[in-house]
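# Analysis of the macromolecular model
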Amino acid sequence: MPSTTFAVDVRILSVVGNRPQFVKSAPVSVSLRGRADEVVVHTGQHYDPELSAVFFDELGLEAPAYRLEAGSGSHAEQTARMLPGIERAVLETRPDWVVVYGDTNSTLAGALAGAKVGAAVAHVEAGLRSFDRSMPEELNRIVVDHLSTLLFCPTGVAVENLRREGVELGVHDVGDVMHDANLKLAPIARDRSGALGAAGVTPGRYVLLTLHRPTNLGREALATIAEALRRLEEPVVFPAHPRTRAALGREGVALAPNVRLLSAAGYLDFAALASQARAIVTDSGGVQKEAYWYGVPCVTLRTTTEWVETVESGWNRLVPVEEAPDPIVAAVRDAVTPDHHPPLYGDGRAAERIAEVLCTIAR
Ligand code: UD1
């Protein structure tokens, strides 16, 4: 029987809920089209249009068949609100695979609800570790990896992390799906000069900042970061997560005039801003890699990273915010572009490999 005839019998239930998952699932959805039935569950973890709807529009994602509207809350509340809806979707659709992405609370809920009713779980971006269990994402990663039957790793380091935890079956080193998305959309994004114009900056002459991790949003941390930005003097474009905006207001931390505070950006506007920055400052996971792909040096306001390759290759520096403004200012001022840019995250065909495995391996 030709494999295409076999493959259309495959049903995939994809669980997504927030920004990075929309980006990661898009290339996989494209690769599955015509080969498998994909049903999408949107947990509603991100509900503001600039964190959710714009990504569906820009990335051409399938409209979700299930919308759970879990919304915000404590980790327990948020995760708990997602579970019954995902369970219902699994029981109604009876998928061959429940596919979850990354390390957020939506990932955890998808894996837990799926595994508990006996569905096979496939984890895209498996095996990453920061070895910092104070991060909610680290706990999510560990649990999800141990609930999954298929583990799609973006790097050899991730494969090795799993091996050390005794997870070797079902592990596939496929490359990074974010790289797939980046290769496809970066050329389109570079032509969008509107985002730079709206921020009043010119290519190569500004710093791009993102900040959303709870540890960086207390009064002391925000004040330290604001002081570092003031001392930089060059323009800093800052598309802020709604929670970050709220924290700035709540803690009464003012930003200097060189900082252009914007609403959270869609994928393409963000890519336009990131690809043309002189340097990027962030506490996000994915943005560290995007900086690398754009050939822009990165300063990460954290003590650890899952993306160790970006640091080892000299493109990324970790600077803890607790160390006060001076090291942040120095790291951003000194950020330079190393000579070597090795292909660290695959060849842009990770999604194809994932679709192939999902459609051909019987669960
Ligand atoms: C989540 C992920 C994080 C990921 C990030 C990408 C977890 C534990 N964290 O963090 O790994 O890097 O998404 O953006 O899952 N809020 C809004 N509008 C929204 C959604 C949230 O204003 O549409 C506000 C609410 O005050 C909420 C807070 O942001 O309490 C945090 O949202 P949440 O989804 O819990 O975590 P993120 O910080 O977005």
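Use the structure listed above.
Our subject in this report is the structure included herewith.

The rules behind these values
Residues numbered from 1 in each chain as written. Predicted model: local features only at pLDDT ≥ 70, side-chain atom pairs only at ≥ 80, totals over all residues. Heavy atoms only, no water. Helix = DSSP H or I, 4+ residues; strand = E, 2+ residues; numbered from the N terminus. Buried < 20%, exposed > 50% of the residue type's maximum accessible area, 1.4 Å probe, protein only. Contact = heavy atoms within 4.5 Å. Areas by Shrake-Rupley, 256 points an atom, 1.4 Å probe, with all protein chains shown as cover. Lys, Arg positive; Asp, Glu negative; His and termini not counted. Charge placed at Lys NZ, Arg CZ, Asp CG, Glu CD. Near = heavy atom within 4 Å. Polar contact = N/O pair within 3.5 Å; in protein donor to acceptor, adjacent residues only side chain to side chain. Axes fitted to C-alpha atoms, helices over the stretch in contact; angles between N-to-C directions. Parallel < 35°, antiparallel > 145°, perpendicular 65-115°, else oblique. Nonpolar A, V, L, I, M, F, W, Y, C, P; charged D, E, K, R; others polar. Salt bridge = Lys/Arg side-chain N within 4 Å of Asp/Glu carboxyl O. Pairing = 2+ DSSP bridges. Right-handed = clockwise from strand over helix to strand, strands pointing away.

### A word on the overall build of the protein chain
On a plain count of helices and strands, the protein chain comes out with 16 helices and 13 strands. In terms of overall dimensions, the protein chain has a C-alpha envelope of 65 × 45 × 40 Å along the principal axes. Looking at the 363 residues of the protein chain, the share that counts as buried comes to 57%. A separation of at least 24 residues holds for 70% of the contacts in the protein chain among residues at least 6 apart in sequence. Of the accessible surface of the protein chain, which amounts to about 14900 Å², a share of 53% is contributed by carbon and sulfur atoms. Of the side chains in the protein chain, 35 bear a positive and 45 a negative charge, and the two mean positions are spaced by 2 Å.

### Observations regarding the site of the ligand
Taken together, 19 residues lie near the ligand, and H46, Y47, E137, H241 and R243 sit nearest. One nitrogen or oxygen atom from the side chain of R19 is found 3.1 Å from an oxygen atom belonging to the ligand. With respect to the ligand, the side chain of R243 contributes an N or O atom lying 2.7 Å from an oxygen atom. For the ligand, whose free accessible area comes to 740 Å², the fraction covered by protein is 86%.

### A look at the packing of helix α2 (residues 19–32) against helix α8 (residues 177–190)
Axis separation between α2 and α8 bottoms out at 8 Å; the angle between their running directions is 80°. When the interaxial angle is binned, α2 and α8 end up roughly perpendicular. The segment α2 lies against α8, with V23, K24, P27 and V28 engaging V177, M178, D180 and A181. Looking at the contact of α2 with α8 residue by residue, the classes come out as 6 nonpolar, no polar and 2 charged.

### Here's the deal with the pattern of salt bridges
This structure, assessed with the given rule, holds 25 salt bridges. Residues E251 and R219 are paired through a salt bridge, measuring 3.4 Å at the closest nitrogen-oxygen approach. A residue pair is termed long-range when its members are at least 10 positions apart, and E251 in helix α11 (residues 242–251) and R219 in helix α10 (residues 219–232) qualify at 32 residues. Note on R219: relative accessible area 53%, which makes it exposed.

### Things to note about the pairing of strand β2 (residues 37–42)
Burial analysis of β2 places 5 of its 6 residues in the buried class, which makes it a mostly covered element. Alignment of β2 against strand β3 (residues 66–67), held across 2 bridges, turns out to be parallel. Across the sheet, the residue bridging to V41 is Y66, located in β3. Following the backbone out of β2, through helix α3 (residues 53–59) and into the adjacent parallel β3, one traces a crossover that is right-handed.

### Here we look at the sheet that holds β2
Strand order in the open sheet formed by 7 strands is β3-β2-β1-β4-β5-β6-β7, with parallel pairing between adjacent strands. Looking at strand neighbours, the two that pair on one side only are β3 and β7 (171–173), the edges of this open sheet. Here 4 bridges tie strand β4 (residues 97–101) to strand β5 (residues 121–124), and the two strands are oriented parallel to one another. In the sheet register, Y101 faces β5, and the bridge partner there is V124. Contacting β1 (11–16), β2, β3 and β4, helix α4 (residues 75–93) crosses the sheet at an angle of about 170° to β1. Sitting on the sheet, helix α5 (residues 105–116) touches β1, β4 and β5, and the angle it makes with β4 is about 160°.

### Concerning the pairing of strand β6 (residues 150–153)
Where a strand is regular, its side chains alternate between the two sheet faces. Here β6 shows a buried face lined by L150 and F152 and a second buried face lined by L151 and C153. With 3 bridges connecting them, β5 and β6 associate as parallel partners. Following the sheet pairing, A122 is matched in β6 by L150. Traced from β5 through helix α6 (residues 136–147) to β6, the parallel crossover comes out right-handed. As paired elements, β6 and β7 share 3 bridges and run parallel to each other. Bridging from a neighbouring strand, C153 pairs with D173 of β7.

### As for the sheet that holds strand β8 (residues 207–209)
Here we have 6 strands laid out as an open sheet, ordered β10-β9-β8-β11-β12-β13, and parallel in their pairing. Whereas interior strands pair on both sides, the edge strands pair on one side only; in this sheet they are β10 (259–263) and β13 (316–318). With strand direction ignored, the average angle separating the axes of adjacent strands in the sheet is 20°. Bridge count for β8 against strand β11 (residues 279–282) is 3 bridges, and the pairing is parallel. In the sheet register, L209 faces β11, and the bridge partner there is V281.

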